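# Report on the structure
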Amino acid sequence: MGVEAHATNERVTGRRWTVRLDPVGRGRADVRVSCSRPACAAQVLPSAAAGRTAAIAHLKAHLRAGPAPRPSVHCACRAEECHTHIRPAGPRERPVPWRCGGAVVLAVITDREGRWWQVLECCSRCAAAHPTAKVVATAQAAEAPARADGFRADAPAPATPGGPAATTPTLSAISPHFSHSATATATGTAVPQQASAPRSAARSAPRSARPTRKRPPRGRIAQRLVPHDLRPVALRDELTELGELFRAYQARTEPDLAMLADLHARKAEAFNAWAEVTADTGLRLDARRAEQAAATARLQHLHRIGQAPDGEGPAVVRLLTAPAQWNHARAVLAHVAENAPLPGAEARLLVVMVTLRTAQSGVGNLVGQDIKGLPLQDPEHLVGQLVESGWLGISGTVEELIASRPESPTRISVPSLTPDEDDPGPFTFGRKLRPKLSGWAQRVVGEKKLRKGKTGADVRLLALALATGADGEGLLGPAGEGIGLDALSSWCSVDPADLPDLVDRLTAADWLAEADVTDTLLTGRLTERVLPLGCPLT
């Protein structure tokens, strides 16, 4: 009998399964959606957006078709001793895991990047420990065995003349909703407690129905938790509010640099006050960094709206707005100068434009107008040479590439720019900056007066070099001292003796003013008309 009773009372571990979104291969746009349940086959979708939609739909189908959470199961986290919820401890303290407790729920946990979704049949306390958990359904309270006096072990005490009986909790399921930014909240209505209820009724009430002592919500800012007992209270509230405002700003679709500068300024002031209260040197350093971030964001905002930092006059509204973007543009031009597969100015110009199209992943799209818009005498022959040399790969023939239109672009690849496990590639900028750099180069190369003057590839290469070789006021070279002719002739792939003629053509196109070519240097300045296309030396 004892063995049978033990087998009957044995509890099983809660269910757990995961839906994942993984790339099919490096450099490819399609993704694979897989589910850990054995009956589910993997799917391949053409894009990450389509894969994320399919993964969420697959998970919702499981939630609709699957059974409700079982009140008698062990928490799925408890089987692992809550390793994912262990609080950080000091060097001499043992980590203390979260204790399991509360009603059994069905929770959905996801990562912030939206790459996997995990369903857990766990206790409500463990679900609340996950910052991204959403409770989908809550188990009904389990029936407790009857006692000798006829009442269930977890039943509330009978009503007394002086006070009503305890209210039975009402639990309901909600439809699944997936969002990495939402905080985890348990479902179900709260259980009111009467002050006049006898102590015996409170002791006999279920554990989940007893009143719980709630702590005030803890704020979080810059990976720091705001202490509950931080005083003054106004400082604690200011830090909590700032954390919420920063997270709201990160969720914006468009940047607002003026707002960001104000937030950093408030953060610097609040962290300085926090450091005074706690004497924490790390907080003072964070406050100093916030002051620097506020100044940088405010300067970038003034550049974007065309105002000078001191408010005395208009500033140049540049196509590329940040020093990091200017340095990346120079890095691309330097890489092409060192690794151009073919000689000649026309080949150099085409390699620059193709490199900017494929710089981030080694692959990109190209249409015929992108090539025919460049000053190339025989574009088909030049593209064919790049393909034969192995530097460029195309998905069709050269004739198909030249004839392709925007609605059906040609897929191209540059093997030397394709990153792998051992070589991340020559460039460090991300996907969002690559089209900005490509658009900047197209604006410089296709500038209106350069096109009307029918300038050649060598003149346009010189325009690119001068756009990245002037200071903020347009003076050529560091501190306006000029640019060496050897460097310019090497970049433009021309003889140094041909540079004076190229300089004259740029002067006629209103690109250069006060230009002077000596035996070793080119001095002068960019005209105000083309200053927005410049990448100032810093």
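Structure: above.
Since we're looking at a predicted model, the values are computed, not measured. (Residues numbered from 1 in each chain as written. Predicted model: local features only at pLDDT ≥ 70, side-chain atom pairs only at ≥ 80, totals over all residues. Heavy atoms only, no water.)

## Some remarks on the packing of aromatic side chains
The cut-off we apply is this: Within 6.5 Å between ring centres, the rings of Phe, Tyr and Trp (the latter by its six-membered ring) count as paired, and their orientation is classed by plane angle as stacked under 30 degrees, edge-to-face over 60, tilted in between. Under the DSSP-based scheme used, a helix requires at least four consecutive residues in state H or I and a strand at least two consecutive residues in state E, with every element numbered from the N terminus. Each residue is placed in one exposure class: buried if its accessible area under a 1.4 Å probe, protein chains only, is under 20% of its type's maximum, exposed if it is over 50%, and partly exposed if it falls in between. Our definition puts a charge over a ring when NZ of Lys or CZ of Arg is within 6 Å of the ring centre and also within 35 degrees of the ring normal.
For the coordinates displayed, the defined rule picks out two aromatic pairs. Seen from their ring centres, Phe271 and Trp274 are 5.6 Å apart, and the 80° between their planes marks the pair as edge-to-face. You can see Phe271 and its partner Trp274 sitting in helix H6 (residues 257–278), three residues apart, about one turn around the helix. Since its relative accessible area comes to 0%, Phe271 is described here as buried. Under the relative-accessibility criterion, Trp274 is labelled buried at 6%. Note on Phe427 and Phe429: the rings are 5.5 Å apart at their centroids and 25° apart in plane angle, and the pair reads as stacked. Looking at Phe427, the relative accessible area reads 10%, which means it is buried. Lying across the ring of Trp17, Arg37 places its NZ or CZ 4.5 Å from the centre. If you follow Lys267 out to its NZ or CZ, it ends over the ring of Phe271, 5.5 Å from the centre.

## Observations regarding the pattern of salt bridges
To keep it simple, the criterion reads: Each reported salt bridge corresponds to a side-chain nitrogen of Lys or Arg within 4 Å of a carboxyl oxygen of Asp or Glu.
Counted by the stated rule, this structure contains 18 salt bridges. In this structure, Arg266 engages Glu241 in a salt bridge whose closest nitrogen and oxygen atoms are separated by 3.9 Å. Of the two residues, Arg266 sits in helix H6 while Glu241 sits in helix H5 (residues 233–250), which places them 25 residues apart along the sequence.

## Concerning the packing of helix H9 (residues 345–358) against helix H11 (residues 379–388)
Formally: Orientation is described by axes fitted as lines to C-alpha atoms, over the contacting stretch for helices, and by angles from 0 to 180 degrees between their N-to-C directions. In this scheme, roughly parallel covers angles under 35 degrees and roughly antiparallel covers those over 145, while 65 to 115 is roughly perpendicular and the rest are oblique. When the near helix sits turned anticlockwise from the far one by under a right angle, the crossing is termed left-handed; a clockwise turn instead gives a right-handed crossing. The contact definition used throughout considers only heavy atoms, calling two residues in contact when any of these lie within 4.5 Å.
Contact geometry of H9 with H11 gives a least axis separation of 11 Å together with a crossing angle of 70°. Judged on the interaxial angle alone, H11 and H9 are roughly perpendicular. Crossing hand, H9 versus H11: right-handed. The residues of H11 that touch H9, namely those facing Glu346, Ala347, Leu350 and Val351, are Leu382, Val383 and Leu386.

## Some words on the sheet that holds strand E5 (residues 116–123)
Rule in force here: The criterion for strand pairing is that DSSP finds at least two bridges linking the strands in question.
Strand order in the open sheet formed by six strands is E3-E2-E1-E5-E4-E6, and the pairing between neighbours is antiparallel. Of all strands in the sheet, those bounded by a partner on one side alone are strand E3 (43–45) and strand E6 (134–138). Mean inter-strand twist for the sheet, computed between neighbouring axes without regard to direction, equals 20°. By the bridge criterion, seven bridges tie strand E4 (residues 104–110) to E5 in an arrangement that is antiparallel. Paired with Ile109 across the two strands is Gln118, which belongs to E5. Lying on the sheet, helix H2 (residues 48–65) is in contact with strand E1 (16–23), strand E2 (31–35), E3, E4, E5 and E6; it crosses E1 at an angle near 170°.

## With respect to the nonpolar core
This is how it is decided: Take the buried Ala, Val, Leu, Ile, Met, Phe, Trp, Tyr and Cys residues and link them wherever side-chain atoms come within 4.5 Å; each set so joined is a nonpolar core.
Counting 72 residues, the largest nonpolar core has Leu466 and Trp511 as the members making the most contacts within it. Contact partners of Leu466, with chain neighbours within four places excluded, come to Leu476, Ile483, Leu488, Leu506, Leu512, Leu522 and Leu526. One finds Leu239, Tyr249, Phe271 and Ala287 within the second-largest nonpolar core, a separate group that totals 19 residues.

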